[in-house]
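# Observations on the model geometry
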Amino acid sequence: MAIHTQISFKQFNQKSLRFTLIILLGTFLISCGKSGFDNLSVKGLKEPVEIIRDEWGVNHIYAKNQHDLFFAQGYAAAKDRLFQFEIWRRQATGTVAEILGEREIKRDIGSRLFKFRGDMKQEMNHYHQDGEEIITAYSEGVNAYIEEILKTPEKLPIEFKLLNIKPGKWTPEVVISRHQGLLGNIGVELKTGRAVARLGSEKVKELSSFHPQDPDIDLDPAINKELLFDDILELYDAFRATVKFEPEDVQAEYRGDKKLTASLDMLPADESKEDKLSIGSNNWVVGANKMADGAAFMANDPHRTISVPSLRYMSHLVAPGWNVVGGGEPEIPGISIGHNEYVAWGLTIFGTDSEDLYVYELNPKNLRQYQYQGKWEDMKVIQETIKVKGKSDKPVDLLYTRHGPVSYVDSLNKKAYAVRCGWLEPGAAPYLASLRMDQAKTWEEFREACSYSHIPSLNMVWADKQGNIGWQVVGYQPIRQKSSGLVPVPGDGRYEWEGRLPIKERPNTFNPEKGFFATANQNLTPENFNRWDATGFAWADPYRGNRINEVLGTDKKLTMDDMKALQVDYLSIPARTITPLLNNLSLTGKEADAREQLKGWDFKLNPNSIEAAIYVSWENQIKSKASERFIPESVKGLISLQTKKIIDWIMSPDKKFGSDPIAGRDRFLAETFSAGLKDLEEKLGPDKSKWQYGQEKYKHSYMAHALGHLVKDSIKAGLDLGPLPRGGYGDTPGSTSGNLRQSAGASFRIIVNTGDWDAAVATNGPGQSGDPASPFYRNLFEPWTKDQHFPIYYSRDKIEQVSVSKTLLKPE
């Protein structure tokens with residue numbers, strides 16, 4: 001008998017929800033845990049499929065053929081994440097205005113403007129030789145669950161009732177959508193161009209962190225600098241923006257009194273500025289010779305926006321030719337980060353730029369013609385119709401140049417702007433090429449699989465059961481011989497891309513002499529690299545990477561416990577660097593007392609640490625005051641000072657701090673230290689014993705559901721999670737963002753021991769399910785906030801021992 005886990009609205013208060021989930025989980029354990037399978041007939045399968053769910057919510061799927069494996073993956077993922085799937089589908093297809101009205105028209109236009117429009121058969125088969133079958137089967141599995149749940153619509157997840165909508169069917173076009181990917185730097189490119197227009201290139205370079213080379217960021221004289229300040233990327237930004245809900249979107253009977261906006265990216269309402277420099281990732285591989293048990297290890301913790309449900313979704317896929325477990329994005333078939341029976345792999349972002357903004361002269365007699373190589377060339381026009389809730393359909397014309405979608409037409413000044421996107425070429429759906437990696441057995445096969453991975457540009461790390469390790473940069477790396485890609489360029493034909501850099505010419509290593517390799521979005525370009533026409537110049541601060549290398553570079557033999565501790569390591573290298581400078585300052589009173597408190601501190605940003613609270617408040621003031629002082633008013637909002645830039649200035653002061661740089665630097669440090677203490681008093685009161693780091697008012701995790709602020713408190717209590725304490729910040733390996741309410745970091749982590757596949761561990765907060773009525777919606781939230789891992793078993797015997805439900809999907 002199937003077990004249903006629906007909870008009525010009247011049950012949605014905190015205590016009753018917790019009690020209900022305990023009862024439901026107990027029912028799972030009693031009814032399904034060690035007994036036979038629940039049988040369920042599903043149309044579209046060829047043979048029966050077994051799904052065993054473990055106590056942490058991970059589905060282990062056993063199929064007899066490839067089609068059914070991915071059909072079942074789609075079915076199970078849709079069952080767990082149906083509302084997330086529906087919003088993804090609408091973003092991908094440009095149909096959000098159908099449910100949210102005319103305020104979403106520009107999003108839908110942007111989504112259609114930047115839609116992949118190539119040959120779908122070629123596209124799907126790029127990702128795997130059987131890609132068409134796999135992606136189609138996955139979509140059919142999603143639809144099979146949608147058809148099933150629509151037979152009993154009262155059992156739809158609560159979000160559908162709150163909004164009075166129903167899920168729609170999927171197509172392969174939804175799976176290959178690029179809208180959620182980490183695509184490129186076009187927004188920063190335009191900001192840099194605007195900053196150069198205001199300050200000139202040399203001053204912009206002084207404030208920015210371009211390296212390791214000295215890239216050309218001068219604007220071409222043909223570009224009218226003042227026109228760059230129009231809203232050139234409005235449609236691009238609209239298509240990439242988070243879906244936000246307003247009170248009127250919620251049905252009146254469920255609507256709360258608060259007129260606040262909630263959003264799917266769950267950024268704090270009071271700290272809505274995206275903490276971009278904290279959205280990175282860590283990974284590393286350690287060779288057998290450095291590990292105590294003589295096996296190679298792989299560890300990965302990708303950092304993205306923290307949300308409910310989690311961005312990542314974990315699965316175990318078993319069928320002839322497939323036995324792979326790990327995590328990925330729920331709407332994509334396969335496993336992006338994990339292991340098979342031969343090898344483990346992980347990924348982080350490598351700083352390559354695959355977007356460019358082109359500026360065109362338009363024909364005054366025909367604004368749909370642009371100048372290219374001295375001739376007028378027609379734009380391609382695609383007509384679309386946007387359906388709008390409560391309004392008439394809106395017809396739109398989508399315009400394209402030879403370079404890409406036209407994001408803005410300035411008819412007054414006869415200019416047009418288009419975005420060239422490497423990710424609109426075939427084979428650039430984010431992470432989907434991991435299907436090939438899932439079946440790799442050797443380093444050579446893995447590198448071959450990596451050559452199909454175009455977007456995003458990644459550091460792929462690899463460890464195998466023979467004890468070998470490797471690193472390979474992958475992704476779409478356009479060759480630009482005439483520009484750096486960091487500022488807009490004319491679209492007249494002088495700034496063309498000249499192909500892509502072959503994978504064999506991209507940075508890589510195999511069994512490095514030091515016995516390990518780590519990446520954390522920092523610059524890893526080798527000293528002997530010479531293809532500066534095909535790499536990036538903007539990287540994350542090096543502190544996470546430096547700390548990881550510091551720990552892994554010790555002489556001691558490392559263990560799984562060391563790997564787990566490093567993933568959640570809260571030692572701040574910036575704190576270790578600048579805190580000793582306090583000893584040079586003339587401080588009195590509470591400032592002197594606070595300095596005394598920091599003496600003997602281990603520089604770790606642990607929850608409950610008063611020292612951590614004092615330091616982070618000080619560093620935040622340093623960053624804030626440095627931006628106020630050193631960034632000219634004309635470019636505020638266009639340039640962000642990276643932490644390393646500021647700390648380098650502090651450690652080697654120059655005329656920025658006045659005629660006596662050291663004295664000026666010391667005054668700056670004293671002023672910001674005092675301001676940091678004042679901020680703590682305002683936040684937490686004058687009693688220093690209550691200044692602990694990691695509390696509701698100062699560094700915590702509160703996961704706000706997209707609709708949580710819009711509904712009655714009785715419903716909200718079952719949607720939102722937290723607050724619970726957190727440690728760390730954006731520059732510690734245990735990255736928890738620069739916000740006091742964590743906005744980014746690693747919800748998903750995995751560590752794999754290639755000598756014992758059953759020894760793998762992971763995290764995936766707040767849970768596998770996106771349905772608030774599921775026992776797996778929040779079961780991993782508290783362990784995640786406490787930096788606890790759980791096991792990811794691989795062998796059938798181990799999985800059976802921790803199963804809480806078993807389902808047999810049978811062909812109808």
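Above: the structure in question.
Conventions used here
- Residues numbered from 1 in each chain as written.
- Predicted model: local features only at pLDDT ≥ 70, side-chain atom pairs only at ≥ 80, totals over all residues.
- Heavy atoms only, no water.
- 1 Å grid on protein atoms, 1.4 Å probe; cavity = no way out; pocket = protein on both sides within 12 Å on 5 of 7 lines; lining within 4 Å.
- Points joined across faces, edges and corners; volume = space filled by probe spheres on them.
- Helix = DSSP H or I, 4+ residues; strand = E, 2+ residues; numbered from the N terminus.
- Nonpolar A, V, L, I, M, F, W, Y, C, P; charged D, E, K, R; others polar.
- Pairing = 2+ DSSP bridges.
- Contact = heavy atoms within 4.5 Å.
- Axes fitted to C-alpha atoms, helices over the stretch in contact; angles between N-to-C directions.
- Salt bridge = Lys/Arg side-chain N within 4 Å of Asp/Glu carboxyl O.
- Buried < 20%, exposed > 50% of the residue type's maximum accessible area, 1.4 Å probe, protein only.
- Polar contact = N/O pair within 3.5 Å; in protein donor to acceptor, adjacent residues only side chain to side chain.

## Points about empty space enclosed by the protein
Taken as a whole and judged by the stated rule, the model has 7 cavities of 30 Å³ or more. Roughly 60 Å³ of internal volume is contained in the largest cavity. Taken together, W88, V175, S177, Q180, G181, E329, I332, A429, P430 and Y431 make up the lining of the largest cavity. Space inside the second largest cavity adds up to approximately 40 Å³. Lining the second largest cavity, in full, are L182, S281, P302, H303, R304, R312, L347, T348, I349, Y431 and L458. The biggest single contributor to the lining of the second largest cavity is strand 12 (residues 343–349), with 3 residues. Classifying every residue of the lining of the second largest cavity gives 6 nonpolar, 3 polar and 2 charged.

## A look at the sheet that holds strand 30 (residues 790–791)
With respect to topology, 6 strands assemble into an open sheet ordered 24-6-7-28-29-30, the strand pairing being antiparallel. Looking at the sheet topology across the chains shown, the edges are occupied by strand 24 (516–519) and strand 30. Relative to strand 24, strand 6 (residues 281–286) is paired through 4 bridges, and the arrangement is antiparallel. Bridge pairing links N283 to T519 in strand 24. Those strands touched by helix 15 (residues 543–552) are strand 6 and strand 24, and its axis lies near 20° from that of strand 6. Docked against the sheet, helix 16 (residues 560–567) engages strand 6, strand 7 (297–302), strand 28 (748–753) and strand 29 (761–764), running at close to 160° with respect to strand 28.

## Considerations on the pattern of salt bridges
Following the criterion strictly, the structure yields 49 salt bridges and no others. Two residues, K590 and E681, come together in a salt bridge whose shortest N-O distance is 3.3 Å. On the criterion of sequence distance, the pair formed by K590 in helix 18 (residues 589–598) and E681 in helix 21 (residues 661–684) is long-range, its members being 91 residues apart. One salt bridge connects D720 with K716, and the closest N-O pair in it is separated by 2.7 Å.

## Considering unusual backbone geometry
Between V308 and P309 the backbone carries a cis peptide bond, its omega angle lying at 0°. When you line up the elements, P309 lands in the loop between strand 8 (304–305) and strand 9 (313–319). Omega for the bond connecting G722 with P723 falls within 30 degrees of zero, at 5°, which places this linkage in the cis form. Along the chain, P723 falls in strand 26 (residues 721–725). Notably, N511 is not glycine yet its phi reads approximately 45°, a positive angle. Mapped onto the elements of the fold, N511 is located in the loop between strand 23 (508–510) and strand 24. The phi dihedral of K699 is positive, around 70°, even though this residue is not glycine. Within the secondary structure, K699 sits in the loop between helix 21 and strand 25 (700–703). Looking at K699, the relative accessible area reads 1%, which means it is buried.

## Here's the deal with the environment of E189
As for its position among the elements, E189 is in helix 10 (residues 186–199). You can call E189 buried: its relative accessible area is 0%. Here the alpha-carbon distance between E189 and L809, two residues 620 residues apart in the chain, equals 50 Å. Once residues lying within four places of it in the same chain are set aside, the contact partners of E189 are D353, E355, D356, L357, G485, L486, V487 and P488. A polar contact is formed between the side chain of E189 and the backbone nitrogen of L357, at a distance of 2.8 Å.

Treat this as a map of the structure, not an account of what it does.
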